[in-house]
Amino acid sequence: MLLRAHAKINVTLAVGGVRPDGYHDLRSIVAPVSLCDDVALEDAAEIVDETDVDFGSENLAVKAARILRDRAGVQSGVRIRVEKRIPCGAGLGGGSADAAAVLVGLNSLWRLGWGVERLVQVAAEIGSDVPSLVHGGIVMMEGRGERVRPWTDDALYGRTLVLLKPDVHASTPAVYREFRPEDGGGGLNDLQPAACRLYPEIEQALARLEAAGAREVRMTGSGSTVFGFVDGSGEGRRVADALSGFGWTALAVVCGKDGGFQDDQDNTTIRRGQVR
Ligand code: C5P
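This is a predicted model, so every value here is computed, not measured. (Residues numbered from 1 in each chain as written. Predicted model: local features only at pLDDT ≥ 70, side-chain atom pairs only at ≥ 80, totals over all residues. Heavy atoms only, no water.)

Caption draft 1: Structural context of the site of the ligand. Every residue close to the ligand is listed here: Y23, H24, L26, G127, S128, R144, T172, P173 and Y176. Here H24 contributes a backbone N or O atom positioned 2.8 Å from a nitrogen atom of the ligand. Considering the ligand on its own, with 450 Å² of exposed area, one finds that the protein chains cover 74% of that surface. Only β2 (24-44) and α5 (172-178) provide two or more residues apiece to the shell around the ligand. The greatest single-element share of the shell around the ligand, amounting to 3 residues, is contributed by α5. Here the shell around the ligand is built from residues that sort into 4 nonpolar, 4 polar and 1 charged. When residues of the shell around the ligand are assigned to domains, at least three fall in each of domain 1 (2-153) and domain 2 (157-254). (Near = heavy atom within 4 Å. Polar contact = N/O pair within 3.5 Å; in protein donor to acceptor, adjacent residues only side chain to side chain. Areas by Shrake-Rupley, 256 points an atom, 1.4 Å probe, with all protein chains shown as cover. Helix = DSSP H or I, 4+ residues; strand = E, 2+ residues; numbered from the N terminus. Nonpolar A, V, L, I, M, F, W, Y, C, P; charged D, E, K, R; others polar. Domains from an automatic or database assignment.)

Have a look at this one:
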């Protein structure tokens, strides 16, 4: 089974107070983009990781399989191989997207027949971005990330954006620790001022992206990627090409309805469950 694990952007991200569990309350519009990893799942007796990438921490795809096996009370295994294209430490939800694809894929492969709500609950145990990506499509995410609902925004769907990732890996816990309540409310992403204080390259990336012609420029997640809107794929390529000289990652992508359970309803993007 081959699945597409779509990266996400936080179109908006409002950060509230610290909760009793130590996490922050969030409110964010999350949208999948066309950039994706490929996740291959194959029946196996054990959970086997065949991914050829050093994540520097636990592979969330494998963690997802372990947690789902435990919560579903099954003995099944799976061989997992992730082809990475989504950069790590980028605020693009790369690891979370792989985990979400594994949950949705194993729901079929292991014939669990779970609905999206039950899968979202397990997703929340893995990380804050996993529920949104299991749900798929453009969503409003709230709480610590575990509450997701569809967000109809036709102004976003199909728009081209340019992503620019400076050569810095942003640490999500470090950015949340640096966050001050007074950072909030002023912009589209409340974590942006804290991330810029810790990583000045992000401030530079925002300025370069804007100078190259992208509009409504902002950071996604806890960084380090910034993005802005452009008019269509031709302008997207032109802006991304103009930025590629800095040695950073610059990509034109399309904002989509992809990913998670959403693929079931949108045959134009369906890859899930396809056997190659
Ligand atoms: O859930 P996730 O693994 O993405 O969170 C990474 C870190 O980000 C957490 O350990 C925490 O420091 C911070 N975080 C937070 N509040 C959230 C989500 C993440 O403080 N709602």
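Once you've had a look at it, read on.
Caption draft 2: Region of the structure containing the domain arrangement of the chain. Taken domain by domain, the chain comprises domain 1 (2-153) and domain 2 (157-254). Contacts between domain 1 and domain 2 engage 23 residues on the former and 24 residues on the latter. Regarding the contact of domain 1 and domain 2, the summed buried area is about 1,700 Å², with carbon and sulfur atoms giving 61% of it. It is L13, V15 and G89 that lose the most area in domain 1 upon contact with domain 2, and together they represent 27% of the buried surface on that side. Applying the counting rule to domain 1 against domain 2 returns 0 salt bridges. Linking domain 1 to domain 2 there are 14 residue pairs in polar contact (both at pLDDT 80 or more). If you list the elements that add at least two residues to the side of domain 1 that touches domain 2, you get β1 (2-18) and β2. With 9 residues, β1 is the largest single contributor of residues to the side of domain 1 that touches domain 2. Partitioned by chemical class, the residues of the side of domain 1 that touches domain 2 number 14 nonpolar, 7 polar and 2 charged. (Contact = heavy atoms within 4.5 Å. Buried area = accessible area lost by both parts, 1.4 Å probe. Salt bridge = Lys/Arg side-chain N within 4 Å of Asp/Glu carboxyl O.)

Caption draft 3: Spatial organisation of the sheet that holds strand β10 (residues 249-254). One open sheet accounts for 4 strands, arranged β8-β9-β7-β10; its pairing is antiparallel. Of all the strands in the sheet, the pair left with one neighbour each is β8 (215-219) and β10. Put simply, the sheet's adjacent strands are angled 20 degrees from each other on average, direction ignored. Examined bridge by bridge, β8 and strand β9 (residues 226-230) share 3 bridges and lie antiparallel to one another. Note that in β9 the partner of R218 across the bridge is F227. Those strands touched by helix α8 (residues 232-243) are β7 (160-165), β8, β9 and β10, and its axis lies near 15 degrees from that of β7. (Pairing = 2+ DSSP bridges. Axes fitted to C-alpha atoms, helices over the stretch in contact; angles between N-to-C directions.)

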